[in-house]
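Single-letter residue listing:
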Amino acid sequence: MPDDEEALTLGQLYASVRSRLVDAGVPEPDSSARHIAATAAGCGAADVVAAPRTPMTVRMVAHADAMAARRKAGEPLQYVLGRWGFRKLDLATDRRALIPRPETETVAGIAVEWLAAQVRSGRLRTPIVADLGTGCGAIALSVAYEVPGARVFATDSSPDALALTGENMAGVGWAAARVSLHHGDWFDALVDVPAPTSVSPALSGALAGHSDGTEPPSPSGSQELRERLDVIVANPPYVADDEELPDEVADWEPHDALYAGVDGLADLRRILHEARGWLAPGGLLVLECAPHQAADLAAAADARGYEAVRIERDLAGRDRALVAQRPLDEPGSAVIDTAMSSLRNGGFVVAPTDTLCGVLARYANSEAVAAVCSAKERPPTEPMPILVSGLTQAGDLVELSRGARRLASRHWPGGLTLVAQRRGGPDPLHGLSTLGVRAPALGWLRWLIDETGPLTGTSANRHGAATPADAQQAAESLAVAPAAVIAGHAAGGTASTVVDVTGAEPVVLREGAVPAELLTLAVEAEH
C-alpha cells in the first residue's frame, strides 16, 4: 500500500488491490478489486467509481489486504467477500455450500414465475414447494421471499450446508417463517414430514378426485408430503466424476455438491425418477443441468410420463433447466404402486389405456404373458404388441434403424406401433422374429412401464369379443381374474397405426391413428 501520510482513499485502495491481483494473474481483476474495496469500505461496488475520494480507515485497509491475499491464493471471490447477491437476496457464502450462480437464478426464476402465475389465477392459494439440495438456501429463500404464502421445504444431505441456509434465513425477514430445513438424501429427508395445514393441494381444488376414483389427500397435518408438492426444484450435482473443472471450483467448492457419477446424471436421474410420485397432480419439476445433458434428461422425463416437457436456457443462451409437469388427471401414486407390485410379482393388470382397456403383464416374464393368453382365451402363437416407455426400452427389445428412431421420435408417445426385428432371436411364445412396440400417450402408463419394464399391450377381452370401455367390466369379462385393476374408462378412438420398419422403407400394415402420409422415412445410410 502507498506510504502517503494522508489517509488512503477508496479509489486508491481499489487501484492498489487491482494491481496486486493483476500481478498474480487473478481472473477478472477489475471486478474482484472493486468488490473487495467496496466490502472493506462498507459501501456498494458502484461507489468505488462514484465516490473514489472517500477516505479509508486503517481497519478498512487491513480488511482489504486480507481479502486480496485470499483472492490471490485462488479462493473464489464470493467466498472471500462472504456474501453474494442472488435475485433479490444478499446471501452469506462460504465453503459449506456451492457459490450461488446466475444459472441457478434462471432455475429459481422458472419456479417463482410459475408459482406466481398459479396464485394470481386462483389455482393455488398456498403453494407447497421442495428445494432439494438447498446448499446456501438460494432457491428456497428466493421462492419464499418472492411468492407470498409459499411453504418451502429445503433439504440437504450436508448439515453444514443446512446451517448456512439457517444463517441466511435471518436475511429474508418474515418469509423465513415459511421455510423449514430437513436433513437427508433428496426425498428421504421428507419421508416423515407432515404436509402443512390449511393449504390446497396443487391444482386439485377443481378436481372431483383422481382419475382412479379416489379423492385427493385432504389438507391436514396428518397427511404426508407425497403427492402434495406443487413445485419440486433442485440444482443437484451434475458434473461427471472425470470431468476437469477450473481450479477455483475444484479446489474450493464442496465436491459432494458437484460430482454425480460417470456421466454426471446419477442425482438428476434419481430426482426425476422419484419426483413423479411426490408431485401433486399438475405440479411442476424444475431441474438444473449441464447443456449437454438436457436432451437425455428430456427423453427420460418423457419416458417417465411427465408432460409439457421442455428445456429452458440460461442468460447465456445455453440449455440449462429441465421443466416438466405431472399430468393433472391420472391415478394416484398408491394405485400405481399396487399395479407395480402386482406386475413385479408375476400377475397381470387390467387398466384403461389411450385406446381400449388393456391387459398389462411384464413382457420379460413369459409365464405372465402366457397367463394373459389364457385370460383372453387366445392362442399363445398369436403375437401381441408390447408397450414401452420410450426409445430406450424399445431399443433394448428390437433393432431400430436411425430412420425408425426418427419416426418414433416424431409420433411417440401416441398411436404408432413399429414392427421391428426382435433382439435375442424369436419370441419364446409366438416364435416370430419380429415384435411390435409402441409408447402409449397416457403419462401414468409410461410411468408404470418405466418402473416395471415393457408390458403387453393387448385388449382386455376374450378372443374375438368386444372390449368393455370400463376397466372393471373388462376385468370381469376375462377367463382369469387379474391381480389388480386400475379403475376408469378407456378413451376409445382409433387404434394405432402399425408400420413394418424391418426393411429400408416403412410399410404400413394397418392404418390407424397416425395418417399414412405422415409416415415418411428418409432413406439413410446405416453407417
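Residues numbered from 1 in each chain as written. Predicted model: local features only at pLDDT ≥ 70, side-chain atom pairs only at ≥ 80, totals over all residues. Heavy atoms only, no water.

Q: Just checking my understanding: could you explain the packing of aromatic side chains for this structure?
A: Centre-to-centre distance and the angle between the planes together describe a pair of aromatic rings. Considering all chains together, one arrives at one aromatic pair under this definition. Note on F187 and W278: the rings are 5.2 Å apart at their centroids and 20° apart in plane angle, and the pair reads as stacked. Of this pair, F187 sits in the loop between β5 (179-183) and β6 (229-234) while W278 sits in helix α10 (residues 266-278), and the two are 91 residues apart along the sequence. We note that F187, like W278, is buried. One Lys or Arg, R276, reaches over the ring of Y306 and ends 5.6 Å from the middle of that ring. (Phe/Tyr/Trp six-rings, centres within 6.5 Å; stacked < 30°, edge-to-face > 60°. Helix = DSSP H or I, 4+ residues; strand = E, 2+ residues; numbered from the N terminus. Buried < 20%, exposed > 50% of the residue type's maximum accessible area, 1.4 Å probe, protein only. Lys NZ or Arg CZ within 6 Å of the ring centre and 35° of its normal.)

Q: In this structure, what is going on with the sheet that holds strand β8 (residues 307-313)? I would like to understand it.
A: Two orientations exist for strands paired in a sheet by backbone hydrogen bonds: parallel and antiparallel. The seven strands are arranged β5-β4-β3-β6-β7-β9-β8 in an open sheet whose pairing can be described as mixed. Strands at the two margins of the open sheet, each flanked by one partner only, are β5 and β8. Direction aside, neighbouring strands of the sheet carry axes that sit 15° apart on average. Taken strand by strand, helix α11 (residues 294-303) contacts β8 and β9 (319-325), and its axis lies near 165° from that of β8. (Pairing = 2+ DSSP bridges. Axes fitted to C-alpha atoms, helices over the stretch in contact; angles between N-to-C directions. Contact = heavy atoms within 4.5 Å.)

Q: Would you explain the packing of helix α2 (residues 29-41) against helix α4 (residues 58-72) in this entry?
A: Relative orientation and spacing of two packed helices are given, respectively, by the angle between their axes and the distance between those axes. In the contact formed by α2 and α4, the axes pass within 8 Å of each other and the chain directions differ by 145°. As for how α2 packs across α4, the hand of that crossing is right-handed. Residues S32, I36, T39, A40 and A41 of α2 touch α4, and the partners they reach there are M60, H63, A64, M67, A68 and R71. Class assignment for the residues of the contact of α2 with α4 results in seven nonpolar, three polar and one charged. (Left-handed = near helix turned anticlockwise from the far one by under 90°. Nonpolar A, V, L, I, M, F, W, Y, C, P; charged D, E, K, R; others polar.)

Q: Is there a simple way to think about the sheet that holds strand β11 (residues 357-360) in this case?
A: In spatial order, the strands read β17-β11-β10-β18; together these four strands make up an open sheet with mixed pairing. Bordering the open sheet on either side are β17 (458-459) and β18 (484-485), each of which pairs with just one other strand. Two elements, strand β10 (residues 349-352) and β18, share two bridges in a ladder whose sense is parallel. Note on β18: the bridge partner recorded for V349 is A484. Strands β10, β11 and β18 of the sheet are contacted by helix α12 (residues 333-344), whose axis makes an angle of about 140° with β10.

Q: Whenever I open this one, the packing of α10 against helix α16 (residues 443-452) confuses me. Can you help?
A: Relative orientation of the contacting elements α10 and α16 amounts to 130°, with a least axis distance of 12 Å. Put simply, α10 runs oblique to α16. The crossing of α10 and α16 is left-handed. Of α16, the residues touching α10 (which contributes H273, R276 and G277) are G443, W444, W447, D450 and E451. (Parallel < 35°, antiparallel > 145°, perpendicular 65-115°, else oblique.)

Q: What is the right way to read the side chain of D267 from this model?
A: With respect to the element layout, D267 can be found in helix α10. Although D267 is buried, it makes no salt bridge; R270 carries the closest opposite charge, 5.8 Å away. D267 has contacts with W186, P236, P237, Y259 and A260, leaving out every residue within four places of it along the chain. (Lys, Arg positive; Asp, Glu negative; His and termini not counted. Salt bridge = Lys/Arg side-chain N within 4 Å of Asp/Glu carboxyl O.)

Q: Would you explain α11 in this entry?
A: Residues three or four positions apart in an α-helix share a direction because the helix packs 3.6 residues into each turn. For α11, the set of buried residues is A294, L297, A298, A301 and A303. At its buried positions, α11 is contacted by α10, β8, β9 and α16. Trailing α11 by a residue or two, G305 shows a phi angle of about 90°, which is positive.

Q: Would you mind showing me how to read the environment of A73 here?
A: Considering the arrangement of structural elements, one finds A73 in the loop between α4 and α5 (77-81). Put simply, A73 and S477 are 404 residues apart on the chain and 76 Å apart in space, counted from C-alpha to C-alpha.

Q: I tried to follow the pairing of strand β2 (residues 89-92) on my own but got confused; where do I start?
A: The two faces of the sheet receive side chains in turn, since in a regular strand these alternate between them. Bridge count for strand β1 (residues 83-86) against β2 is four bridges, and the pairing is antiparallel. Bridge pairing links F86 to L89 in β2. Counted along the chain from β1 to the antiparallel partner β2, the turn is two residues long, and its residue R87 has a positive phi close to 50°.

Nothing here speaks to function; it is geometry throughout.
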